[in-house]
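Below, each chain spelled out in residue letters.
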Amino acid sequence: MRSLLKNRNFLLLWGGQTVSALGTWINFVGLNLYVLDVFGSGRILGSFLVVRMLPAIFFGPLGGYLADKFSRRTIMITCDIARAVLVLGFLLTRNLWVFMFLGMALSSIDKVFQATQRSFLPNVVPKEGLVEANAAWRMSTSLTTVIGPAVGGFLVSVYSYPVVFVVDALTFVFSVICTLLITVTGQVKKAKKGSAAHEFGLVVTFFKTRVALLFLTIARLIDALGSGAYNTSLPLFSKVFAKELGGVYGWLIGAWAFGQFLGAYIVTKLLKKLADHKEAFFTIVVVLMALGMGGTFHCSTLAFAMLAIFVGGFGDGMSNVLFNTVLMAEAPDETRGKIFGTLTALIYTAVALGMAGTGFFLDFFNMRAVTNGATAFIIIGVVLGSLAHMRRDK
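Residues numbered from 1 in each chain as written. Predicted model: local features only at pLDDT ≥ 70, side-chain atom pairs only at ≥ 80, totals over all residues. Heavy atoms only, no water.

**A word on the overall build of the chain**
On a plain count of helices and strands, the chain comes out with 15 helices and zero strands. For 394 residues, the compact-globule formula gives about 21 Å, and the C-alpha radius of gyration of the chain, at 21 Å, lands near that figure. Each principal axis of the C-alpha distribution contributes one length, and for the chain these read about 55 × 45 × 40 Å. Taking all 394 residues of the chain together, 50% fall into the buried category. As presented, the chain carries roughly 18200 Å² of accessible surface, and 70% of it is formed by carbon and sulfur atoms. (Helix = DSSP H or I, 4+ residues; strand = E, 2+ residues; numbered from the N terminus. Rg over C-alpha atoms; globule rule 2.2 N^0.38 Å. Buried < 20%, exposed > 50% of the residue type's maximum accessible area, 1.4 Å probe, protein only. Areas by Shrake-Rupley, 256 points an atom, 1.4 Å probe, with all protein chains shown as cover.)

**Remarks on the environment of Thr141**
In this structure, Thr141 sits in helix H7 (residues 130–158). Distance in space between the C-alpha atoms of Thr141 and Arg72 is 21 Å, their sequence separation being 69 residues. A polar atom in the side chain of Thr141 sits 2.8 Å from the backbone oxygen of Trp137. (Polar contact = N/O pair within 3.5 Å; in protein donor to acceptor, adjacent residues only side chain to side chain.)

**Description of the pattern of salt bridges**
Enumeration according to the criterion identifies six salt bridges in this entry. Residue Arg72 is joined to Asp68 by a salt bridge in which the shortest nitrogen-to-oxygen separation is 2.9 Å. Judged by relative accessible area, Arg72 falls into the buried class, the value being 0%. Residue classification places Asp68 among the buried residues on the basis of a relative accessible area of 8%. Here Asp68 and Lys338 are joined by a salt bridge, their closest N and O atoms 3.0 Å apart. Of this pair, Asp68 sits in the loop between helix H4 (55–67) and helix H5 (72–89) while Lys338 sits in helix H14 (residues 336–361), and the two are 270 residues apart along the sequence. (Salt bridge = Lys/Arg side-chain N within 4 Å of Asp/Glu carboxyl O.)

**Remarks on the environment of Ala136**
Mapping Ala136 onto the fold places it in helix H7. On the accessibility criterion, Ala136 (3% relative accessible area) is buried. Sequence-wise, Ala136 and Phe261 are 125 residues apart; in three dimensions their C-alpha atoms are separated by 8.9 Å.

**Describing the packing of aromatic side chains**
Scanning the entire structure with this criterion turns up 14 aromatic pairs. Taking the centre distance of 6.4 Å and the plane angle of 80° together, the rings of Phe154 and Tyr159 count as edge-to-face. Taking the relative accessible area as the measure of exposure, Phe154 reaches 46% and is therefore partly exposed. A relative accessible area of 52% places Tyr159 in the exposed class. The interplanar angle of 65° and the centroid separation of 5.2 Å between the aromatic rings of Phe237 and Phe297 together place this pair among those described as edge-to-face. You can see Phe237 sitting in helix H10 (residues 211–238) and its partner Phe297 sitting in the loop between helix H12 (278–296) and helix H13 (302–330), a full 60 residues away along the chain. Just as Phe237 is buried, Phe297 falls in that class too. Sitting above the plane of the Phe113 ring, Arg83 keeps its charged end 4.2 Å from the centroid. In this structure, Lys111 packs its charged tip against the face of Tyr348, placed 4.9 Å from the ring centre. (Phe/Tyr/Trp six-rings, centres within 6.5 Å; stacked < 30°, edge-to-face > 60°. Lys NZ or Arg CZ within 6 Å of the ring centre and 35° of its normal.)

**Focus: a nonpolar patch on the surface**
Taken together, Val50, Leu54, Ile57, Phe58, Phe59, Leu62 and Met104 make up a surface patch of nonpolar side chains, about 600 Å² in accessible area. Top element by residues in the nonpolar patch is H4. It accounts for four residues. Residue placement: Phe59 occurs in helix H4. (Patch = residues over 30% accessible without salt bridge, like charges linked within 9 Å, V, L, I, M, F, W, Y side chains within 5 Å.)

**Here's the deal with the packing of helix H2 (residues 8–39) against H7**
Helix-helix packing: each pair is described by the crossing angle between the helix axes and the interaxial distance. Contact geometry of H2 with H7 gives a least axis separation of 7 Å together with a crossing angle of 35°. Of the two possible hands of crossing, H2 and H7 adopt the one that is right-handed. Of the residues in the contact of H2 with H7, the class split is 17 nonpolar, nine polar and no charged. (Axes fitted to C-alpha atoms, helices over the stretch in contact; angles between N-to-C directions. Left-handed = near helix turned anticlockwise from the far one by under 90°. Nonpolar A, V, L, I, M, F, W, Y, C, P; charged D, E, K, R; others polar.)

**A closer look at H7**
Every α-helix winds through 3.6 residues per turn, so residues three or four apart in the chain are directed the same way. Between the first and last C-alpha of H7 there are 41 Å, a value that for 29 residues agrees with the 42 Å anticipated at 1.5 Å per step. The largest bend along H7 measures about 25° and falls at Thr144. (Expected span 1.5 Å × (residues − 1). Bend = angle between axes of the 7 residues up to and from the residue.)

**Description of the nonpolar core**
By size, the foremost hydrophobic cluster in this structure holds 93 residues, and its most contacted members are Phe90, Leu121 and Leu327. Setting aside residues no more than four positions away along its own chain, Leu121 makes contact with Phe10, Leu13, Ala133, Asn134, Trp137 and Met328. (Core = buried A, V, L, I, M, F, W, Y, C linked by side-chain atoms within 4.5 Å. Contact = heavy atoms within 4.5 Å.)

**What to know about the side chain of Asn320**
The topology assignment puts Asn320 in helix H13. Here Arg138 takes part through its side chain, which lies 3.1 Å from a polar atom of the side chain of Asn320. Polar side-chain contacts of Asn320 include one of 3.0 Å to the side chain of Asn324. Excluding anything up to four places from it in sequence, Asn320 contacts Arg138 and Arg220.

**Quick look at H13**
With 29 residues, H13 should reach 42 Å at 1.5 Å per residue; the first-to-last C-alpha distance of 42 Å fits that figure. With 21 of its 29 residues buried, H13 lies for the most part within the structure.

**Some details on the packing of H10 against H12**
Orientation of H10 relative to H12, taken along the N-to-C sense of each, is 10°, at an axis distance of 10 Å. Of the possible angle classes, the one that applies to H10 and H12 is roughly parallel. Contacts between H10 and H12 involve Ala212, Phe215, Leu216, Ala219, Arg220, Asp223, Ser227, Tyr230, Leu234 and Phe237 on the former and, on the latter, Glu279, Phe282, Thr283, Val286, Met289, Ala290, Met293, Gly294 and Thr296. Across the contact of H10 with H12, the residue classes tally to 12 nonpolar, four polar and three charged. (Parallel < 35°, antiparallel > 145°, perpendicular 65-115°, else oblique.)

Below, the structure is given as structure tokens:
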């Protein structure tokens with residue numbers, strides 16, 4: 001970790017994105033409350049959230065394609081400027097369709113940015129520093145997940161919605177300044193030109209020739225699909241304790257984020273020792289995540305629920321750092337953007353399908369039965385995949 005503190009380019013990238021992420025979480029609360037306040041409809045808010053999720057399917061791959069064609073630093077700067085303008089746009093209208101357009105446009109640019117940023121990190125950090133870099137990123141993400149919504153709620157209640165949007169826009173400006181100061185452009189060396197289908201075919205070829213990484217990716221998608229049930233059920237579960245303590249949902253999210261933080265920190269100590277057993281280690285931490293998250297819904301007290309979800313976050317933090325590190329280390333520079341863009345689309349699609357499926361099953365089964373099914377799906381799927389991978393290796 002000390003070597004990262006001497007890496008000026010990484011500190012600029014990490015600092016800019018941490019502040020920007022904080023602004024995004026501040027605005028996550030502010031924007032959702034604003035939509036509900038302006039239109040007074042939970043149904044419209046639900047539709048707005050769905051509209052914001054859809055672009056991940058299409059703009060993740062597009063962002064990856066752009067990241068492999070142009071300067072990654074320039075794309076990130078352009079995205080941040082556009083996001084600052086779009087965020088302020090919500091203050092200029094109260095038309096529902098304009099809100100939907102702004103929400104979709106903002107989410108679309110978010111996905112382009114995410115694919116580009118993940119592709120850019122290995123350009124500023126040497127291969128041997130990727131574990132610490134991904135851990136630092138996950139740790140700061142966990143902190144902003146806890147702090148951002150709290151700050152957003154405070155700003156809305158004490159000041160006003162315009163303050164929230166201006167603060168978010170200023171965090172994007174800060175990110176632009178930091179990115180401009182980075183001396184690496186992330187410009188990919190010119191590769192042979194081919195059709196989009198051919199270039200994304202290279203992504204398929206990449207995974208076909210790396211069986212271990214293919215296993216990690218399939219396990220990650222199984223994790224995402226099952227986790228959709230936890231995302232949908234957790235707000236409902238928090239109502240169980242509503243009579244005892246307000247803001248239970250925030251407490252649970254905070255415990256989960258703290259678990260992620262600690263998991264990301266500890267994995268940096270373990271991964272180098274377990275480099276030859278990363279597939280087995282990944283299986284263990286995903287199972288740990290599923291047991292913790294699934295166990296949360298069996299708790300009858302808030303304290304035990306927070307402990308269980310902390311365990312889930314701990315496993316999730318470790319698996320996230322491990323997966324991103326291995327992928328960044330093995331992905332060739334000329335196709336890294338398309339690889340991350342495609343995975344972004346697949347993961348968001350899996351989560352969306354999991355959430356949609358959960359909504360359907362909750363109409364027929366109780367919440368605990370649905371989350372138990374998700375937990376079993378993740379554990380069985382990942383363990384069977386691990387056994388098949390081990391058998392193939394033999």
